[in-house]
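# Per-entry structural report
Here are the chains, one letter per residue:
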Amino acid sequence: MAASLKNLFPTLPQFPTTLSFSLSLSLSLSPPRTHFFVGSVLLLLLLLLLPLFFCLLPASFAHTSSDAAAETLVSRLLSTSATASCASLSAVEETEKRSPRDGGADEVGDVNSCNIFDGNWVMDDSEPVYRPGSCPYIDDAFNCFKNGRPDSDFLRFRWKPYECQIPRFDGRKMLKMLRGKRLVFVGDSLNRNMWESLVCALRESLVDKNRVFEVSGKREFRTQGFYSFRFLDYKCSIDFIRSPFLVQETMSRTLRETLRLDVIQDSSSKYRDADLIVFNTGHWWTHQKTFKGQNYFQEGNHVYEKLEVTDAYSKALKTWAQWVDANIDSNRTTVFFRGFSASHFRGGQWNSGGNCDGETQPITEETQLAPYPWMMRTLESVIAEMKTPVLYLNVTKMTDYRKDGHPSIFRQPEASRGDGIMVQQDCSHWCLPGVPDSWNELLYAILQISGYGSRSNNPWISGLFQ
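First, a word on what this report is: a plain description of the structure on this page. Keep in mind it's a predicted model, so treat the numbers as computed, not measured. (Residues numbered from 1 in each chain as written. Predicted model: local features only at pLDDT ≥ 70, side-chain atom pairs only at ≥ 80, totals over all residues. Heavy atoms only, no water.)

## Comments concerning the pairing of strand E6 (residues 236-242)
Summarising burial for E6: 6 of the 7 residues are buried, a large majority. In this sheet, E6 lies alongside strand E3 (residues 182-187) in parallel orientation, the contact comprising 6 bridges. Bridge pairing in E6 links Val184 to Asp239. Linking strand E5 (residues 226-231) to E6, which pair antiparallel, is a turn of 4 residues; within it Lys235 sits at a positive phi near 50 degrees. (Buried < 20%, exposed > 50% of the residue type's maximum accessible area, 1.4 Å probe, protein only. Helix = DSSP H or I, 4+ residues; strand = E, 2+ residues; numbered from the N terminus. Pairing = 2+ DSSP bridges.)

## Quick notes on empty space enclosed by the protein
Summed over all chains, the structure comprises 3 cavities of 30 Å³ or more. Estimated volume of the largest cavity: approximately 260 Å³. If you trace the largest cavity, you find 20 residues lining it, with Pro128, Leu155, Phe157, Asp437 and Ser438 closest to the centre. Contributing elements (two or more residues each) for the lining of the largest cavity: strand E2 (157-161) and helix H14 (435-450). When its residues are assigned to classes, the lining of the largest cavity shows 8 nonpolar, 3 polar and 9 charged. (1 Å grid on protein atoms, 1.4 Å probe; cavity = no way out; pocket = protein on both sides within 12 Å on 5 of 7 lines; lining within 4 Å. Points joined across faces, edges and corners; volume = space filled by probe spheres on them. Nonpolar A, V, L, I, M, F, W, Y, C, P; charged D, E, K, R; others polar.)

## Some words on a positive patch on the surface
The grouping of Arg172, Lys173, Lys176, Arg179, Arg230 and Lys235 at the surface amounts to a positive patch. If you tally residues by element for the positive patch, the top one is helix H7 (residues 171-177), at 3 residues. Position of Arg172 among the secondary structure elements: in helix H7. Judged by relative accessible area, which is 43%, Arg172 ranks as partly exposed. (Patch = residues over 30% accessible without salt bridge, like charges linked within 9 Å, V, L, I, M, F, W, Y side chains within 5 Å. Areas by Shrake-Rupley, 256 points an atom, 1.4 Å probe, with all protein chains shown as cover. Salt bridge = Lys/Arg side-chain N within 4 Å of Asp/Glu carboxyl O. Lys, Arg positive; Asp, Glu negative; His and termini not counted. Charge placed at Lys NZ, Arg CZ, Asp CG, Glu CD.)

## Considerations on the nonpolar core
The biggest cluster of nonpolar side chains holds 60 residues, and the ones touching the most others in it are Met174, Phe185, Leu202, Ile238 and Phe336. Among residues more than four places away in sequence, those in contact with Met174 are Phe169, Leu198, Leu202, Leu443, Tyr444 and Leu447. Formed by 39 residues, the second largest nonpolar core is a distinct cluster that contains Leu259, Trp320, Trp323 and Val382. (Core = buried A, V, L, I, M, F, W, Y, C linked by side-chain atoms within 4.5 Å. Contact = heavy atoms within 4.5 Å.)

## Re the sheet that holds strand E11 (residues 302-303)
Pairing within the open sheet is mixed, and its 4 strands lie in the order E7-E8-E10-E11. Both edges of this open sheet fall to strand E7 (247-251) and E11, since each of them pairs with a single strand only. By the bridge criterion, 2 bridges tie strand E10 (residues 297-299) to E11 in an arrangement that is antiparallel. Across the sheet, Glu299 pairs through a bridge with His302, a residue of E11. Strands in contact with helix H10 (residues 309-327) are E7, strand E8 (257-264) and E10; relative to E8, the strand with the most contacts, it is inclined by about 40 degrees. (Axes fitted to C-alpha atoms, helices over the stretch in contact; angles between N-to-C directions.)

## With respect to the packing of aromatic side chains
Each aromatic ring pair is described using two quantities: the centre-to-centre distance and the angle formed by the ring planes. According to the stated counting rule, one finds 18 aromatic pairs in the structure shown. Its end group placed over the ring of Phe154, Arg149 keeps NZ or CZ at 3.9 Å from the ring centre. The ring of Trp121 is capped by Arg402, whose NZ or CZ atom sits 4.6 Å from the centre of that ring. (Phe/Tyr/Trp six-rings, centres within 6.5 Å; stacked < 30°, edge-to-face > 60°. Lys NZ or Arg CZ within 6 Å of the ring centre and 35° of its normal.)

## What about the sheet that holds E3?
In spatial order, the strands read E4-E5-E6-E3-E9-E12-E13; together these 7 strands make up an open sheet with mixed pairing. Unpaired on one side and paired on the other, strand E4 (212-214) and strand E13 (390-393) mark the two borders of the sheet. Put simply, the sheet's adjacent strands are angled 20 degrees from each other on average, direction ignored. Looking at chain direction, E5 and E6 are connected through 6 bridges and run antiparallel. Looking at the pairing, Phe231 lines up with Cys236 of E6. Helix H11 (residues 374-384) rests against strand E12 (334-338) and E13 of the sheet, and its axis sits at about 165 degrees to E13. Contacts between H14 and the sheet are confined to E3, strand E9 (276-279), E12 and E13, with E12 contributing the most and set at about 150 degrees to the helix.

Structure (structure tokens):
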């Protein structure tokens, strides 16, 4: 486009030359009168063109790169008549700035040099991307509104990076980016949490909500190994494939269950050709049988009598990384890995009386956060050795603040909880609407800033993850 600008500007000085050539006969007949005429024409052209350029240049070039400025100027020069006024151009620019759910305070800053995962939660009075109770696709265990949670302040916080602004989620724009694409979430129930959030947020942007449908007829996602929603008008699908370890869990003839650390889960054939994949694994590595590591982890025909979970996790991630490097075409498929999502159990764990009910506000001091999980350091070292670019959604810190966002006792309807009965609380997953909506806003921001869907090559925006 910069070349277009250079091609356009050399034509401008030709106006007087062409004009004097066409008037050569007049010049030879009556020089004084002709000189006066030519001067008048040139002055008139100057008066017409100068206001246009003074309108265009400041508005177009502020906060833009040279290429972007050239593109803006060329497009306006080619499409705007010489009589266009500053007022009309300013009105267009103001309209562009005031997109739905967007305000001046949300203009994108220098995101390429900003860690968008380093920030804090700020109060925000905007409506959630979908209203509580409005989406029929939320698993009952995440539907805190349906299960009677009385407070709603946990919906009023928005993640804000310290050093830049990120664009607000816009479902219509994201669907346009995903037109003709397949986005697959692969992992445990926390990735199902994120998947349902995105399906609901995209559905909310549709005028006709019937233009999205479930590929399968069932509604309860807890036991589904594969699930898919298709958005008809955009010919795209948003899928979830259950794979809590990413590697293969097996059952021997003696009914002994083991985890094959050296074999990717057999569901991998269902997503290897997807356009975008969001992987995760984490919470199942903290469960009792996994954490103890006794007669459970297997490589080849060897079952370890005892293997530390840290070593097992590293082996499993290396198996995943090797599979990605060998099977994923990075020219076609963009790979994400979502980091560990924090839990907030008090007085025990999920199976030993741990609780988090009554929490209505997030943690405000960074000093009160838990230590950085060892699993994320292992993940980061594995990703660093891969040849395939992996975009790392490091949500660990942002989720650690949000002790108020879990279903707790509202993981089930009040009628099922009973009176005076100890209820197993959920302090790992998240209410929907809720915290996973912000994960998807960050996913959206990365795709939008990278220009995903507007060009064929896959982006690798290293600056976002410094």
